[in-house]
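# What the coordinates show
What follows is the residue order along each chain.
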Amino acid sequence: MARIIVIGASTGGLRAAYTLSKEVGKTHEITVVSNTPEFHFVPSNPWVAIGWRKRSETSFPLRERLEKKGARFFSTGAATIDAEKNIVITGGGEALPYDYLVIATGPSLAFDDVPGLGPQPQGHTVSICTVEHAEAAYARYEEFLKDPGPVIIGAAQGASCFGPAYEFACILDVDLRKRRLRKKVPITFVTSEPYIGHMGLAGIGDSKALMEHELRQRHINWRTSATIRRVENGKMIVHTNEAGEEQMPFKYSMIIPAFKGVDAVASVPGLVNPRGFVMVDEHQRSKKYPNVYAVGVCVAIPPVEPTPVPVGVPKTGFMIESMVSAAVRNIKDEINGLKPCASPTLNAVCLADLGDTGVAFVAKPQIPPRDFTWAKKGAWVRLAKIAFEKYYIRKMRRGNAEPFYEKMIAAALKIKKIE
């Protein structure tokens, strides 16, 4: 009997646990270690932060679902990984031996890269990277509405997650218009991207023109290739080559930080790069520890091109799903005495809700050069994201391991063919 541990229970980890249960779970032991007792649908966080969703609508408890799949569950997180002895020590002190390890932790949020960045009490900006942060962002937003003023939205240097920042800026614009407060709130989008719509991917199709047009239509100003020097109470010090150093006032600000590896993973010798991300081969296996696999945001992927200010590469839902499928297939093959041969396809599909419309991006593969790119705007995209949210959460509640994002990209390809 093989002992398989999955660390993490979000988009990558929970799907890995479900798929492993389906593929090998009847005769092998599966254990999930998470630092939270709940699953959260991360793409819903911009809605939670503006009050358009409640946490209960986008989350559900993990234990019952996983135990129904025959998996053990620990919600105290992973404190230490001893990759030489094949043991995970949980935050509760349990020593869990493994034959195969799947790391799907997601990132640690590097607020400390920029003095004053991040949620209170240490920082002066809000975040939508976790559902807890999104709830805190909404509480701050409610206070802001009593005395509105300048807003700064964006992504710090080194960030690799830009889509939610664009979503939040546009959703905020729509919500303020509904409240008849928009004229009192100048909005500036501050980003480390070399141009609007770069997304950490050197653009997707005509994303530059499309997103620049969208921000102009909403009277949202922007700063690109921006380095945030520090954040003070009500003031952000930003440097760009064009304007030099600016002191930008704000009464409300949401900034996506750079990511780094979580401590338990980053401390394993030979497993990670200098930022703490897991270095893997084409089969999602650690380059040093062949029985360790990694999927999702915790995986090291180099930037697609040099940029004036550092930006990272986003790991979208489809990419994560593809990594999981490859890792599970390879673990199953290894258990059966076969050589791992599966590799992820690493395509990208993104549905971005802009509050009153939406933008769909498809890239195949996600990293250039590409065989296929597609970008479309329309209210149908917003409706599609809302429908996908409900579909995805419902299926994950039920323990379904089918490839959700694969269906989305197949639908996009059909639409392109019709055009």
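Since the model is a prediction, treat every value here as computed from it, not as a measurement.

### As for the sheet that holds strand β17 (residues 252–256)
If you trace the four strands from one edge of the open sheet to the other, you get β13-β12-β11-β17, paired in parallel fashion. The open sheet has two free edges, formed respectively by β13 (220–223) and β17, since each of these has just one partner strand. Across the sheet, the mean angle from the axis of one strand to that of its neighbour is 15°, orientation sign disregarded. Bridge count for strand β12 (residues 187–191) against β13 is four bridges, and the pairing is parallel. Of the residues in β13, the one forming a bridge with V190 is R223.

### A short note on the packing of aromatic side chains
A complete count under the given rule lists 11 aromatic pairs for this structure. Arranged with centres 6.3 Å apart and planes meeting at 40°, the rings of W374 and W380 form a pair that is tilted. The aromatic ring of W47 is capped on one face by R53, whose charged end is 4.2 Å from the ring centroid. One Lys or Arg, K69, reaches over the ring of Y18 and ends 5.6 Å from the middle of that ring.

### Some remarks on the pairing of strand β6 (residues 78–82)
As judged from the four bridges shared by β6 and strand β7 (residues 87–90), these two strands associate in the antiparallel manner. Bridge pairing in β7 places T80 opposite I89. Where β6 folds back on β7, the antiparallel hairpin that results is connected by four residues, among which N86 adopts a positive phi of roughly 60°.

### What about the pairing of strand β16 (residues 244–249)?
In terms of strand pairing, strand β15 (residues 235–240) meets β16 through six bridges, oriented antiparallel. Looking at β16, one finds that T240 is bridged to G244. Where β15 hands over to β16, the hairpin turn is made up of three residues, counted between the paired strands.

### Quick word on the side chain of E167
Structurally, E167 is set in helix α6 (residues 163–178). Taking relative accessible area as the criterion, E167 reaches 6% and is therefore assigned buried. A polar atom in the side chain of E167 sits 2.7 Å from the side chain of K385.

### Brief notes about the sheet that holds β7
One open sheet accounts for three strands, arranged β6-β7-β8; its pairing is antiparallel. In the strand order of this sheet, the two ends are held by β6 and β8 (95–97), each with one partner. The average angle at which neighbouring strand axes cross in this sheet is 20°, direction not considered.

### Some points on helix α9 (residues 317–335)
Between its first and last C-alpha atoms α9 spans 27 Å; for 19 residues at 1.5 Å apiece the expected length is 27 Å, and the two agree. For α9, a buried count of 14 out of 19 residues is recorded, marking the element as mostly surrounded by other parts of the structure. G337 sits one or two positions beyond α9 and adopts a positive phi of about 80°.

### Focus: the layout of surface pockets
Space inside the second largest pocket adds up to approximately 290 Å³. Residue lining of the second largest pocket: 17 residues in total, with G158, F277, I301, G312 and V313 positioned closest to the centre. In terms of residue class, the lining of the second largest pocket is made up of 11 nonpolar, four polar and two charged.

### Section: the pattern of salt bridges
The final tally for this structure, using the stated rule, is 31 salt bridges. Measuring nitrogen to oxygen at the nearest pair gives 2.8 Å for the salt bridge that ties R223 to E246. On the criterion of sequence distance, the pair formed by R223 in strand β13 and E246 in strand β16 is long-range, its members being 23 residues apart. Counted as one network, the salt bridges with shared partners bring together D173, R177, R182, E214, R218, D356 and K377.

### Topic: the packing of helix α1 (residues 11–23) against α9
Running from amino to carboxyl end, α1 crosses α9 at an angle of 35°, the nearest separation of the two axes being 9 Å. For the pair α1 and α9, the sense of crossing is right-handed. For the pair formed by α1 and α9, the contact residues are T11, G12, R15, A16, T19, L20 and E23 on the first element and I320, E321, V324, S325, V328, I331 and K332 on the second. Of the residues belonging to the contact of α1 with α9, the class tally is six nonpolar, four polar and four charged.

### Digging into unusual backbone geometry
Residue P121 follows Q120 across a cis peptide bond; omega there is 10°. Note that P121 resides in the loop between β10 (108–109) and α5 (131–144). At A202, a residue that is not glycine, the phi angle is positive and equals roughly 60°. Here A202 shows up in the loop between β12 and α7 (207–217). Its relative accessible area of 26% is what places A202 among the partly exposed residues.

### Considering the environment of P314
Inspection of the secondary structure assignment puts P314 in the loop between β19 (292–294) and α9. The sequence separation of P314 and G200 amounts to 114 residues, and the corresponding C-alpha distance is 6.5 Å. Those residues within four positions of P314 in sequence are excluded, and the remaining contacts are S160, M199, G200, L201, M319 and Q366.

### Digging into the environment of P310
One can find P310 in the loop between β19 and α9. C-alpha separation for the pair P310 and Q157, spaced 153 residues apart in sequence, amounts to 5.7 Å. When residues no more than four places from it in sequence are discounted, the contact partners of P310 are Q157, G158 and S192.

Conventions used here
For every chain, the first residue of its written sequence is number 1, and the numbers climb from 1 along that sequence. Under the rules for a predicted model, residues below a pLDDT of 70 receive no local features and side-chain atom pairs below 80 are neither given nor counted, while totals for whole chains, interfaces and linings still include all residues. Only hydrogens and water are set aside when side-chain values are computed; all heavy atoms of the structure are taken into account. Strand pairing is defined by DSSP finding a minimum of two bridges between the two strands. Helix numbers and strand numbers start at the N terminus; a helix is a DSSP run of H or I with at least 4 residues, a strand a run of E with at least 2. Only C-alpha atoms enter the line fits that serve as axes; for helices the fit covers just the stretch in contact. Angles between N-to-C directions range over 0 to 180 degrees. Only centres within 6.5 Å qualify two rings of Phe, Tyr or Trp (six-membered ring in Trp) as a pair; their planes then separate them into stacked at under 30 degrees, edge-to-face at over 60, and tilted for everything else. For a Lys NZ or an Arg CZ to count as sitting over a ring, it must be within 6 Å of the ring centre and within 35 degrees of the ring normal. Relative accessibility thresholds used throughout: buried, under 20% of the residue-type maximum; exposed, over 50%; partly exposed, between the two (1.4 Å probe, protein chains only). Pairs of N or O atoms within 3.5 Å make up the polar contacts considered here, provided that, within protein, one atom can donate a hydrogen while the other can accept it, and that residues adjacent in sequence are counted only when both atoms are side-chain atoms. In this analysis, the expected span of each helix is defined as 1.5 Å times one less than the number of residues it contains. Of the grid points, spaced at 1 Å and generated over the protein atoms alone, those admitting a 1.4 Å probe that cannot get out make up cavities, while open sets with protein on both sides within 12 Å along at least five of seven lines make up pockets; any residue with an atom within 4 Å of a point is treated as lining. Grid points are joined across faces, edges and corners, and a volume is the space filled by probe spheres set on the points. In this classification, the charged set is Asp, Glu, Lys and Arg, the nonpolar set is Ala, Val, Leu, Ile, Met, Phe, Trp, Tyr, Cys and Pro, and all remaining amino acids, among them Gly, are polar. In what follows, salt bridge is the name for a side-chain nitrogen of Lys or Arg lying within 4 Å of a carboxyl oxygen of Asp or Glu. Handedness of a helix crossing follows the sense of rotation of the near helix relative to the far helix, less than a right angle counterclockwise being left-handed and clockwise being right-handed. Contact criterion: two residues are considered in contact whenever any of their non-hydrogen atoms come within 4.5 Å of each other.

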